[in-house]
Amino acid sequence: MKSSFLIISIIILFSACKKDKVSSTPIPPIPSCKIVTATRLSNSTKVTYSLSYDDSGRISQLVYDGQDAYTKKYSYKGNMIYIDVAAGVNSSTDTITLNSFNLISTHKETVPQAVYNISYNYDGSGTLISSTSQQDNYPSSTITYNFINSNLTNTTSEGITDTTSYFSDKTSVIGNLDDFNQLISYGAFYYKNKNLKKSYHYGNMIFNYSYSFDSDGKIISVVSNYGATSDTTNFTYTCD
């Protein structure tokens, strides 16, 4: 009986050693990919956002070639982000402060005729609760945010609530529009979703979204439909 137990113990030990040896084999890292261009097609209009990055992988420049063309340059110092927007008479500067969660705490935009300030408020886990914006000395306005299962489902501003639904079987990946729009606007984020957006309801307007992916799971195309109107955003990437 003791010999049988000894044999079984040796087999288990040998198997465990084999597993440890196999699991210690180096696994090639997943490539780090960044968006290089985003081209938006709407009816007969075509515009392109071209992105560049610094050595740390942070966005350093954005060139937009639409009707009101502009170039944005981003610089970083500690928890601060500075953005210079060259857009002729519409040029502006942005100053962004990040909090301990590396999310946007404050955003100040200075344009020739006005100064806009936004502050973002989070709970103890870093989930966005509300934001307050103000132009110069005018009355401020507040937006409240509601998350369910790590997805932003509702925002309410001035008594108007919009609602967003998500694909439960599609995890948010690079190329989702919410992350992209925050990236080019601020060089940082104030929220992220767990899943990809399925629909967005605002008043009587309903937008529906569909996605196309490449073999690595990156989004290469997002289609947004509103009735007979359709917008398509196509992405290209660079990967390390």
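About the thresholds
Counting from 1, residues in each chain are numbered in the order their sequence is written. A pLDDT threshold of at least 70 governs which residues receive local features in this predicted model, and a stricter bar of 80 or more applies before side-chain atom pairs are shown or counted, although totals over entire chains, interfaces and linings include all residues. No hydrogens and no water enter the side-chain calculation; it runs on all heavy atoms of the structure. When two rings of Phe, Tyr or Trp (its six-membered ring) have centres within 6.5 Å they constitute a pair, described as stacked for plane angles under 30 degrees, edge-to-face for angles over 60, and tilted for the intermediate range. Relative accessibility decides the category of a residue: with a 1.4 Å probe and only protein chains considered, values under 20% of the type maximum give buried, values over 50% give exposed, and everything between is partly exposed. For the purposes of this entry, the term helix denotes a DSSP run of H or I that reaches at least four residues, the term strand denotes a run of E that reaches at least two, and both are numbered from the N terminus. Working rule for contacts: check all heavy atoms of both residues, and any pair within 4.5 Å makes them a contact. Here, the term nonpolar core denotes a set of buried Ala, Val, Leu, Ile, Met, Phe, Trp, Tyr and Cys residues that are joined through side-chain atoms within 4.5 Å. By salt bridge we mean one thing: a side-chain nitrogen of Lys or Arg within 4 Å of a carboxyl oxygen of Asp or Glu.

Draft legend 1. Fine view of the packing of aromatic side chains. Inspection of the entire model under this criterion finds 13 aromatic pairs. Between Tyr200 and Phe207, the ring centres sit 6.1 Å apart and the planes meet at 35°, which makes this aromatic pair tilted. Pairing Phe235 with Tyr237 gives two aromatic rings, centres 6.4 Å apart and planes at 40°, and the pair type is tilted. The class of Phe235 is buried, set by a relative accessible area of 5%. Residue Tyr237 is classed as buried on the basis of its relative accessible area of 17%. Grouping aromatic residues by their ring pairs yields a cluster made of Tyr49, Tyr64, Tyr70, Phe180, Phe235 and Tyr237.

Draft legend 2. Representation of the side chain of Thr48 within the structure. As for its position among the elements, Thr48 is in strand E2 (residues 45–53). Contacts of Thr48, omitting those with residues within four sequence positions, involve Thr37, Ala38, Thr39, Val63, Tyr64 and Asp65.

Draft legend 3. Quick look at helix H2 (residues 177–186). Counting buried positions over the 10 residues of H2 gives 7, a clear majority of the element. Taken residue by residue, H2 has Asp178, Asp179, Phe180, Gln182, Leu183, Ile184 and Tyr186 as its buried positions. Looking one or two residues past H2, Gly187 carries a phi angle of roughly 75°, positive in sign.

Draft legend 4. Representation of unusual backbone geometry. In the Ramachandran plot, Asn102 falls in the positive-phi region, its phi being about 65° despite a non-glycine side chain. A positive phi angle, close to 65°, is found at Ser150, a residue other than glycine. Tracing the chain through its elements places Ser150 in the loop between strand E10 (141–148) and strand E11 (151–157). The partly exposed category is assigned to Ser150, whose relative accessible area is 47%.

Draft legend 5. Geometry of the nonpolar core. Tyr49, Ile104 and Tyr190 are the most contacted members of the largest nonpolar core, which has 41 residues in total. With 4 residues, the single largest contributor to this core is H2. Setting aside its immediate chain neighbours within four residues, Tyr49 contacts Val36, Thr37, Ala38, Arg40, Leu62, Val63, Tyr64, Tyr70, Phe180 and Ile184.

Draft legend 6. Representation of the pattern of salt bridges in the model. Throughout the structure, instances matching the rule amount to 6 salt bridges. With a shortest N-O distance of 3.1 Å, Lys197 and Asp178 are connected by a salt bridge. Here Asp178 lies in helix H2 and Lys197 lies in strand E13 (residues 195–202), a separation of 19 residues in the sequence. Overall, the relative accessible area of 14% leaves Asp178 in the buried class. The structure contains a network of salt bridges with shared partners spanning Asp214, Asp216 and Lys218.

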